[in-house]
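Residue-level structure breakdown
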Amino acid sequence: MSDEEHHFESKADAGASKTYPQQAGTVRKGGHIVIKNRACKVVEVSTSKTGKHGHAKCHFVAIDIFNGKKLEDIVPSSHNCDVPHVSRTDYQLIDISEDGFVSLLTENGNTKDDLKLPTDDTLLTQIKDGFAEGKDLVVSVMSAMGEEQICALKDIGPK
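In short, a report on the structure. As the structure is a prediction and not an experimental result, all values here were calculated from the model. (Residues numbered from 1 in each chain as written. Predicted model: local features only at pLDDT ≥ 70, side-chain atom pairs only at ≥ 80, totals over all residues. Heavy atoms only, no water.)

Remarks on the overall build of the protein chain
- A tally of helices and strands in the protein chain yields one helix and eleven strands.
- Helices and strands in the protein chain line up, N terminus first, as β-β-β-β-β-β-β-β-β-α-β-β.
- Within the span of the protein chain, comprising 159 residues, buried residues form 33% of the whole.
- Just so you have it, the protein chain exposes about 10700 Å², and 49% of that area is on carbon and sulfur atoms. (Helix = DSSP H or I, 4+ residues; strand = E, 2+ residues; numbered from the N terminus. Buried < 20%, exposed > 50% of the residue type's maximum accessible area, 1.4 Å probe, protein only. Areas by Shrake-Rupley, 256 points an atom, 1.4 Å probe, with all protein chains shown as cover.)

As for the pairing of strand 8 (residues 101–105)
- Bridging between strand 7 (residues 87–96) and strand 8 involves four bridges; their strand directions are antiparallel. Residue pairing in the sheet places Ile96 in a bridge with Val102 of strand 8.
- Connecting the antiparallel pair strand 7 and strand 8 is a turn made up of four residues, with Gly100 showing a positive phi of about 90°.
- The sheet contact formed by strand 8 and strand 9 (residues 111–116) spans four bridges and is antiparallel. The partner of Leu105 across the bridge, within strand 9, is Thr111.
- Count of turn residues in the strand 8/strand 9 antiparallel hairpin: five residues, of which Gly109 carries a positive phi of about 90°. (Pairing = 2+ DSSP bridges.)

What about the pattern of salt bridges?
- Counting across every chain of the model gives six salt bridges.
- A salt bridge links Arg38 to Asp64; its shortest N-O distance comes to 2.6 Å. Of this pair, Arg38 sits in strand 3 (residues 38–47) while Asp64 sits in strand 4 (residues 57–64), and the two are 26 residues apart along the sequence.
- Classification of Arg38 by relative accessible area gives partly exposed; the value is 25%. (Salt bridge = Lys/Arg side-chain N within 4 Å of Asp/Glu carboxyl O.)

Side note on the sheet that holds strand 3
- In spatial order, the strands read 2-3-4-5; together these four strands make up an open sheet with antiparallel pairing. Looking at which strands have only one partner, the edges of the open sheet turn out to be strand 2 (32–35) and strand 5 (70–76). Strand-to-strand twist of the sheet, defined as the mean angle between neighbouring strand axes without regard to direction, takes the value 45°.
- Pairing of strand 2 with strand 3, which is carried by four bridges, proceeds in the antiparallel orientation. The residue bridging Val34 from the neighbouring strand is Ala39, located in strand 3. (Axes fitted to C-alpha atoms, helices over the stretch in contact; angles between N-to-C directions.)

A look at a negative patch on the surface
- Judged by side-chain charge, Asp95, Glu98, Asp99 and Asp113 come together as a negatively charged surface patch.
- Here Asp95 is to be found in strand 7. (Patch = residues over 30% accessible without salt bridge, like charges linked within 9 Å, V, L, I, M, F, W, Y side chains within 5 Å. Lys, Arg positive; Asp, Glu negative; His and termini not counted. Charge placed at Lys NZ, Arg CZ, Asp CG, Glu CD.)

A few points about unusual backbone geometry
- Even without a glycine there, the phi angle at Asn37 is positive, about 60°.
- Relative to the assigned elements, Asn37 resides in the loop between strand 2 and strand 3.
- Residue classification places Asn37 among the exposed residues on the basis of a relative accessible area of 65%.
- Of note in the backbone geometry, Met145 takes a positive phi value of approximately 50° without being a glycine.

These results come straight from atomic positions and should not be treated as a statement about function.
Pasting the structure below:
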């Protein structure tokens, strides 16, 4: 055997995958799917019949959960497609900085300062107005495939 030591550059996280495989024929409307490396919510699924050469195909129409763009994909229904791990977490809003970042309070009492304000204008004005009025606001943060974005707002009453 060799006496050389092997050194590996580790750039991975805890090994948790950002997606998991699911058979294309079992993905339903309202579910999530990865199209062009973007996490998307399926708004329409249509399945074609098996043709002369085999596979039935699923035609997915989906909307990117972070930027709202409409994407389409056609996958044989027996093949696997990637489904993103999508999670929603609620945080209490502490502060809004001048450069557009928000300071959020996590469940365990730490702060999370790496999120920008949402690009959606109505949600943005709701957050800014509610914060200016001194309301206690809870924001829902959607995260998938290493991306995070504020997607909803709840008012839990005055301070």
